[in-house]
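Results of the structural survey
As a plain string of letters, each chain reads:
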Amino acid sequence: MRTVPVLYGDRAAPSAEQQQLILYGSVDYWLRQGIDLQLRYDFLDPYYRYRAPGATKAEKVEEDERSRISLGADALLTPFLSASAHYHLQQSAPQDLRGNTDTFILALHAFF
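This is a predicted model, so every value here is computed, not measured.

Rules of the game
- Residues numbered from 1 in each chain as written.
- Predicted model: local features only at pLDDT ≥ 70, side-chain atom pairs only at ≥ 80, totals over all residues.
- Heavy atoms only, no water.
- Helix = DSSP H or I, 4+ residues; strand = E, 2+ residues; numbered from the N terminus.
- Buried < 20%, exposed > 50% of the residue type's maximum accessible area, 1.4 Å probe, protein only.
- Contact = heavy atoms within 4.5 Å.
- Polar contact = N/O pair within 3.5 Å; in protein donor to acceptor, adjacent residues only side chain to side chain.
- Salt bridge = Lys/Arg side-chain N within 4 Å of Asp/Glu carboxyl O.
- pLDDT = per-residue confidence, 0-100.
- Patch = residues over 30% accessible without salt bridge, like charges linked within 9 Å, V, L, I, M, F, W, Y side chains within 5 Å.
- Areas by Shrake-Rupley, 256 points an atom, 1.4 Å probe, with all protein chains shown as cover.

**Structural notes on the overall build of the chain**
- The helix and strand inventory of the chain stands at zero helices and eight strands.
- Each helix and strand of the chain, placed in order from N terminus to C terminus, yields the pattern β-β-β-β-β-β-β-β.
- By the burial criterion, 21% of the 112 residues in the chain qualify as buried.
- At a minimum sequence separation of 6, the contacts of the chain that also span at least 24 residues come to 42%.

**Let's talk about the side chain of serine 70**
- Within the secondary structure, serine 70 sits in strand β6 (residues 66–78).
- By relative accessible area, serine 70 is classed as buried at 6%.
- Side chain to side chain, serine 70 and histidine 88 meet in a polar contact 2.7 Å long.
- Those residues in contact with serine 70 that sit more than four places away from it in its chain are Gln38, Leu39, Arg40, Tyr87 and His88.

**Digging into the pattern of salt bridges**
- Summed over the entire model, instances satisfying the criterion amount to two salt bridges.
- Among the ionic pairs, aspartate 28 bridges to arginine 40, the shortest N-O distance being 3.9 Å. With a gap of 12 residues between them, aspartate 28 in strand β4 (residues 17–32) and arginine 40 in strand β5 (residues 35–51) connect regions that are remote in the sequence.
- Here aspartate 28 falls in the exposed class, since its relative accessible area comes to 52%.
- Aspartate 42 serves as the salt-bridge partner of arginine 68, at 3.3 Å between the closest nitrogen and oxygen. One end of the pair, arginine 68, is in strand β6; the other, aspartate 42, is in strand β5, with 26 residues separating them in the sequence.

**Details of the side chain of aspartate 64**
- Structurally, aspartate 64 can be placed in the loop between β5 and β6.
- A polar atom in the side chain of aspartate 64 sits 3.1 Å from the backbone nitrogen of tyrosine 47.
- Beyond its immediate stretch of four places on either side in the chain, aspartate 64 contacts Leu44, Asp45, Pro46 and Tyr47.

**Side note on the confidence of the model for the chain**
- Per-residue confidence for the chain averages 84 on the pLDDT scale, and 86% of its residues sit at or above 70.
- Summarising per-element confidence for the chain, the mean pLDDT is lowest in strand β3 (residues 11–12) (52) and highest in strand β8 (residues 103–110) (96).

**Concerning a nonpolar patch on the surface**
- A surface patch of nonpolar side chains, amounting to about 950 Å² of accessible area, comprises Leu23, Val27, Leu39, Tyr41, Ile69, Leu71, Tyr87, Leu89, Phe104 and Leu106.
- At the level of elements, β4, β5, β6, β7 (81–91) and β8 are the ones that each hand at least two residues to the nonpolar patch.
- Considering the arrangement of structural elements, one finds valine 27 in strand β4.
- Given the relative accessible area of 52%, valine 27 is considered exposed.

Structure follows, in structure tokens:
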């Protein structure tokens, strides 16, 4: 963890302090030649600890965390063509509609 300055307008408040918690984990499994399965986890807590200007004690901001679990598969169909399918299960603050929307991505890549 590190401390980053909090900006107010165009200047930093010297007594404000913010610590973030960022986690990432990934597991890849080679199913067979040309096919890989993936499981990934992302977590972000932007205000893990926050001390406002003039405050003496750091506090935790509630309901600001974001997390995502991703399940996916990649297949090398030919030496020049690859396909992938990924599902992202996302969870964020209640008012963040985009951050709470699950997504499915189907992609086809051509290499030349």
